[in-house]
Amino acid sequence: MAINSPYSHYFSTNDGAKLHYLDKGKGPSLLLLPSWNISCRIFKYQLEELSQKYRIIALDMRGHGLSEKVNYGYKVHRFAKDLHELIKHLQLSELNLLGHTFGATVICCYLELFGFSSISKLIFIDRAAVPMMNPIWTRTEIQRYGPTSDPKSLENLCHQIAINQNDQFMKLFFNTMVNRLAKDEHKELILKNSGTLPKKAAALLFNNLYYQDWRTLFPRITKPTLVIGGRASLISASSQIWTSQQIPNAKLIIFEEDEGGKHFPFVENAKKFNRVIDKFIQ
């Protein structure tokens, strides 16, 4: 989808940030939030296929993609406020809301701050219940919550992000989050739409997102929810199973490794992913 696409739009937040979003198709609304440091154009295959049946809205969150690179507001609660303002701007109701990892974190914060009144269904993709390791946890608790870092490792990684060691970081990114046999076109799509945040903002936001814990929210989610994980993801499948068990009546889909079941199932196996989403929303 070209930068000057007719589906490309902007709105301004109450603190003066100009945010970009894509809006394509007609029908029930499905709003997509990408993960940290990734443009909303990562949802290329959903915009192409699902927009034939749904109104697909994809947000470039603050500082991401084509949104304004402001030097403030890089905290989860501000991103939740931005989401709230987009929903109000578009006057959305009965909204299906999908978040990929960090996008799911933003949705959790949005739900706690603004409630469920505009929401029809929720979709969480590959989000750890608690990203930060607690040294007192048992092995069972670690398997349940899916942490991927400890404070010292996070400090080092944020430093690398802030000083912009892009080659090192992107190599790590691909090694841990993309299947070894992923198609070149899928790798290119992910690479092209990654690393869009200013480096200091990226480090600040990365640090903030790792200290989010929404375990007490899950049992209070009253809307139909789909939890999607990957068998080979860095974020353990066991944590996705546990999350689905905490949310009343949630559904669970685990993509196996040979199905693109790492961090980007909606890129590596878009056909199956789109079928799963369509069936859930119907």
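Described in the following lines is the structure provided in the data block.

## Quick word on empty space enclosed by the protein
All told, the structure shown has two cavities of 30 Å³ or more when counted by the stated rule. Put simply, the largest cavity is a space of about 40 Å³. The wall of the largest cavity is formed by Cys108, Phe124, Arg127, Phe218, Val227, Gln240 and Thr243. Per-class residue counts for the lining of the largest cavity are four nonpolar, two polar and one charged.

## Re the sheet that holds strand E1 (residues 8-12)
Where strands meet in a sheet, backbone hydrogen bonds hold them as pairs that are either parallel or antiparallel. Taken together, the eight strands give an open sheet; going across it, the order is E1-E2-E4-E3-E5-E6-E7-E8, and neighbouring strands pair in mixed fashion. Here the strands that pair on one side only, and so sit at the sheet edges, are E1 and strand E8 (251-255). Averaged over all adjacent pairs, the angle separating strand axes in this sheet is 20 degrees, with direction ignored. Pairing between strand E3 (residues 29-33) and strand E5 (residues 95-100): four bridges, direction parallel. Bridging across to E5, leucine 31 finds its partner in leucine 97. The sheet contacts of helix H2 (residues 76-89) involve E1, strand E2 (18-24), E3, strand E4 (55-60) and E5, and relative to E1 the element is tilted by about 110 degrees. Each of E3, E5, strand E6 (119-125), strand E7 (225-230) and E8 touches helix H11 (residues 270-281); the most contacted strand, E7, lies at about 165 degrees to it.

The rules behind the values
- Residues numbered from 1 in each chain as written.
- Predicted model: local features only at pLDDT ≥ 70, side-chain atom pairs only at ≥ 80, totals over all residues.
- Heavy atoms only, no water.
- 1 Å grid on protein atoms, 1.4 Å probe; cavity = no way out; pocket = protein on both sides within 12 Å on 5 of 7 lines; lining within 4 Å.
- Points joined across faces, edges and corners; volume = space filled by probe spheres on them.
- Nonpolar A, V, L, I, M, F, W, Y, C, P; charged D, E, K, R; others polar.
- Pairing = 2+ DSSP bridges.
- Helix = DSSP H or I, 4+ residues; strand = E, 2+ residues; numbered from the N terminus.
- Axes fitted to C-alpha atoms, helices over the stretch in contact; angles between N-to-C directions.
- Contact = heavy atoms within 4.5 Å.

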